[in-house]
Amino acid sequence: MDINAILDFDKDATLESRTQHISTFFKEHKNVLVKFTKVDGSLREMPSTLHESLIPGLAADWTPDESKKKTNPTVMSVYCTDADGWRSFRLENVISVTGYDS
């Protein structure tokens, strides 16, 4: 894994600020490794993406239907590349976010 970017954010940043930084980082990088503490207290390093070309089964003109989706501002959903499915994590539990090539 060749790291090409690491997101630096203040651990004491507001949830809104953290959400904005992490969302922007996902838009800037195809592959992202998110390290976070799971709800059960265990540590998880999750290779993930939000890049349409890397998510199997998405049509090229796919756009999410936000009107049907329940939103939770404390949780972010991403496509987990090692589990081949959608997963989510609590934004306040993120330890680090790294962009990488591979």
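Structure first, text after, so check above.
Description of the structure in this document.

### A short note on the packing of aromatic side chains
Argument step 1. The full count for this structure, using the stated rule, is two aromatic pairs.
Argument step 2. Consider the rings of Tyr-79 and Trp-86, whose centres lie 5.7 Å apart with planes at 85°: the pair is edge-to-face.
Argument step 3. Overall, Trp-86 belongs to the partly exposed group, its relative accessible area being 42%.

### Focus: the pattern of salt bridges
Argument step 1. Evaluated as defined, the whole model comprises one salt bridge.
Argument step 2. Of the charged contacts in the structure, one is a salt bridge between Arg-44 and Asp-82, with a shortest N-O distance of 3.6 Å. Here the residue Arg-44 occupies a position in strand 3 (residues 43-49), and Asp-82 occupies one in the loop between strand 4 (75-80) and strand 5 (85-90), the gap between them amounting to 38 residues.

### Topic: the environment of Glu-16
Argument step 1. Its place among the elements puts Glu-16 in helix 1 (residues 15-28).
Argument step 2. A residue is classified by how much of its surface remains accessible, and Glu-16, at 68% relative accessible area, is exposed.

### A word on the nonpolar core
Argument step 1. Ile-22, Phe-26, Val-34, Met-76, Phe-89 and Val-97 are the most contacted members of the largest nonpolar core, which totals 16 residues.
Argument step 2. Contributing elements (two or more residues each) for this core: strand 1 (2-7), helix 1, strand 2 (31-37), strand 4 and strand 6 (94-101).
Argument step 3. Setting aside residues up to four positions removed in sequence, Val-34 forms contacts with Phe-26, Arg-44, Glu-45, Met-46, Ser-48, Phe-89, Val-94 and Ser-96.

Cut-off values and rules
- Here the residue index of a chain counts from 1 through its sequence in written order.
- With pLDDT at 70 or above as the cut-off, local features in this predicted model cover only qualifying residues; side-chain atom pairs require 80 or more to be listed or tallied, and sums for whole chains, interfaces and linings still use all residues.
- Each side-chain value is derived from all of the structure's non-hydrogen atoms; neither hydrogens nor water enter the calculation.
- Between rings of Phe, Tyr and Trp, where Trp is taken as its six-membered ring, a pair exists when centres lie within 6.5 Å; planes separated by under 30 degrees are stacked, by over 60 edge-to-face, and by other angles tilted.
- Only protein chains enter the calculation, and the probe is 1.4 Å; a residue is then buried if its accessible area is under 20% of its type maximum, exposed if over 50%, and partly exposed in between.
- The salt bridge definition used is simple: a Lys or Arg side-chain nitrogen within 4 Å of an Asp or Glu carboxyl oxygen.
- Helix and strand definitions here come from DSSP, where helices need a minimum of 4 consecutive H or I residues and strands a minimum of 2 consecutive E residues; each element is numbered from the N-terminal end.
- Residues grouped as a nonpolar core are buried Ala, Val, Leu, Ile, Met, Phe, Trp, Tyr and Cys residues, joined through side-chain atoms within 4.5 Å.
- Note on contacts: a residue pair qualifies if any of its non-hydrogen atoms lie within 4.5 Å across the two residues.

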